[in-house]
Amino acid sequence: MPEPLGDFGRHSEPALLVLVSLAEKPKHGYSMMDDIERLTGTRLGPGTLYGAIARLEGRGFIAKVEATDRRKPYRLTPAGEDALSTQLAGLQAVVSAGLKRIATA
Amino acid sequence: MKSSILIRLYPRRWRARYEDEMRELLEEGPVSVRDGLDLLRGALEAHLIRDLALGPEPRRQTTLGGVMEHPLPTRRSATVAGLFLCLPATFLLSVTMKYGFGYDTVFDSLESFWTFKPIEYITVLSPLAALLLSVVPALRATVEREGGVVKGALVLQAGAARIAVAAVSFGMLFLFFVYFLTENF
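Remember, predicted model here, so these are calculated numbers, not experimental data.

Engineer: Looking at this model, I keep getting lost on the overall build of chain A. Mind explaining?
Structural biologist: Check the secondary structure of chain A and you find four helices and two strands. Seen in sequence order, chain A has helices and strands lined up from the N terminus as α-α-α-β-β-α. Buried positions account for 34% of the 105 residues belonging to chain A. Contacts in chain A between residues at least 24 apart in sequence constitute 51% of all its contacts with a sequence separation of at least 6.

Rendered as structure tokens:
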């Protein structure tokens, strides 16, 4: 099965992290940065974060939530949920195979 | 580092969509040199990758002979070009009314105005100025390398209003040229 974020190039990892972050609840940019830092120990730069957001929004994987202030939260769309599930399942298969090979080595 | 300057490096369509929230994000804390470099790289990518320049769709555009690579020019120059046409349009209208329909009041009442040399030159040259003003800002030169072959194209990228102004300007210039030929040869 093709990976939904496969053609994001070097942005596939930040894009995946954004999807994982939004899987919890809608968040705006700064909350995503904090959440991703908590998850991975790495803080995304603002250019990288918005590069990923633009790509994901362009694909319809995330969407803006209507808000009255300047902070615009984003939410995962149904297509984004599917993409995240597929991407994580692919990673899960790689992780399982890797762990199995290490155990038998 | 001044973050607002770095955000200005992003394409206009990107800023229309993300500028407010990026500013909000950057105002949450100090912007490090690393963040600054990250923004620079993001701005460069946003310029290079067309799909990233999201935002409202560009206005409907007409192409003559090429692929669109840039958003449409603003309407300001086309509006100024349109204003340039007011004087020759009035002249041609009054001439048409006099010699075409025998209604000479408009032309005759302005005859001293039309025969005043500077006004005459301005009237004749205005369509040329309008043509240049409407066409030149809408021209885009594109150069592409394809399999070792360099291809160049000059594209007119304009909305309907701009094309209408250019067409009317050209028509007026043509009329003045024909008039000049019939009067002098």
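Engineer: Just to check I follow, could you spell out the overall build of chain B for this structure?
Structural biologist: Scanning chain B from N- to C-terminus turns up nine helices and three strands. For chain B, the succession of helices and strands along the chain, N to C, is α-α-α-β-α-α-α-α-α-β-β-α. Looking at chain B as a whole, 23% of its 185 residues qualify as buried. Considering only contacts in chain B between residues 6 or more positions apart, those separated by 24 or more positions represent 72%.

Engineer: How should I be thinking about the confidence of the model for chain B in this particular structure?
Structural biologist: The predicted coordinates should not be examined in detail at positions where pLDDT is low. Residue and element names in this part refer to chain B. In the predicted model, chain B carries a mean pLDDT of 78, and the fraction of residues at 70 or more is 81%. Within chain B, the lowest mean pLDDT, 42, falls on strand S1 (residues 62-64), and the highest, 87, falls on helix H8 (residues 117-135). Prediction confidence for the complex, expressed as pTM and ipTM, is 0.53 and 0.83 respectively.

Engineer: Even after reading the chapter, I still don't get the interface of chain B and chain A, so can you show me in this structure?
Structural biologist: Where the parts come together, the accessible area they lose is often given as the size of the interface. The interface of chain B with chain A comprises 19 residues on the first partner and 16 residues on the second. Looking at the side of chain B that touches chain A, the elements that each hand over two or more residues are helix H2 (12-26) and helix H3 (33-48) of chain B. Looking at the side of chain B that touches chain A element by element, the count peaks at eight residues for H3(B).

Engineer: Would you explain the packing of helix H1 (residues 12-24) of chain A against helix H3 (residues 46-59) of chain A in this entry?
Structural biologist: Helices that pack against each other are described as a pair by the angle of their axes relative to one another and the distance between those axes. Residue and element names in this part refer to chain A. Two elements in contact, H1 and H3, have axes separated by 9 Å at closest approach and are oriented at 75°. The pairing of H1 with H3 is recorded here as roughly perpendicular in orientation. Across from Pro14, Ala15, Val18 and Leu19 in H1, the residues of H3 making contact are Thr48, Leu49, Ala52, Ile53, Arg55 and Leu56. Across the contact of H1 with H3, the residue classes tally to eight nonpolar, one polar and one charged.

Engineer: Looking at this structure, how should I read the nonpolar core?
Structural biologist: Where a protein is soluble and globular, its nonpolar side chains tend to be buried together. The biggest cluster of nonpolar side chains holds 35 residues, and the ones touching the most others in it are A:Ala15, A:Val18, A:Leu19, A:Leu49, A:Ile53, A:Leu56 and A:Ile62. Of all the secondary-structure elements, those providing two or more residues to this core are H1, helix H2 (29-40), H3, strand S2 (74-76) and helix H4 (78-104) of chain A together with helix H1 (3-7), H2 and H3 of chain B. Contacts of A:Ala15, omitting those with residues within four sequence positions, involve A:Leu5, A:Phe8, A:Ala52, A:Arg55 and A:Leu56. Counting residues in each nonpolar core, the second largest holds 13 residues, with B:Leu85, B:Ala130, B:Leu131 and B:Ala166 among its members.

Engineer: Would you explain H2(A) in this entry?
Structural biologist: Think of an α-helix as 3.6 residues a turn; residues three or four steps apart then line up on the same face. Taking 1.5 Å per residue, 12 residues should reach 16 Å; H2(A) reaches 16 Å between its end C-alpha atoms and fits that length. Next to the buried residues of H2(A) lie H1 and H3 of chain A together with H2 of chain B.

Engineer: Where do I start with H8(B) in this structure?
Structural biologist: Here H8(B) is 19 residues long and its end C-alpha atoms lie 28 Å apart, about the 27 Å a rise of 1.5 Å per residue gives. For H8(B), every residue scored as buried is listed here: B:Thr123, B:Ser126, B:Pro127, B:Ala130, B:Leu131, B:Leu133, B:Ser134 and B:Val135.

Engineer: Just checking my understanding: could you explain the environment of A:Gly47 for this structure?
Structural biologist: Looking at the secondary structure, you find A:Gly47 in helix H3. The contact partners of A:Gly47, leaving out residues within four places of it in the chain, are B:Asp38, B:Leu39, B:Arg41, B:Gly42 and B:Ala43.

Engineer: Just to check I follow, could you spell out the packing of H1(A) against H2(A) for this structure?
Structural biologist: Residue and element names in this part refer to chain A. Contact geometry of H1 with H2 gives a least axis separation of 10 Å together with a crossing angle of 100°. Between H1 and H2, the interaxial angle falls into the category roughly perpendicular. Note on element contacts: H2 touches H1 through Met32, Asp35, Ile36, Leu39 and Thr40, opposite Leu17, Val18, Val20 and Ser21. Here the contact of H1 with H2 is composed, by residue class, of six nonpolar, two polar and one charged.

Conventions and cut-offs
Residues numbered from 1 in each chain as written. Chains lettered and ligands numbered in written order. Predicted model: local features only at pLDDT ≥ 70, side-chain atom pairs only at ≥ 80, totals over all residues. Helix = DSSP H or I, 4+ residues; strand = E, 2+ residues; numbered from the N terminus. Buried ≥ 20, exposed ≤ 12 C-beta atoms within 10 Å, placed from the backbone. Contact = placed C-beta atoms within 7 Å. pLDDT = per-residue confidence, 0-100. Axes fitted to C-alpha atoms, helices over the stretch in contact; angles between N-to-C directions. Parallel < 35°, antiparallel > 145°, perpendicular 65-115°, else oblique. Nonpolar A, V, L, I, M, F, W, Y, C, P; charged D, E, K, R; others polar. Core = buried A, V, L, I, M, F, W, Y, C linked by C-beta atoms within 7 Å. Expected span 1.5 Å × (residues − 1).

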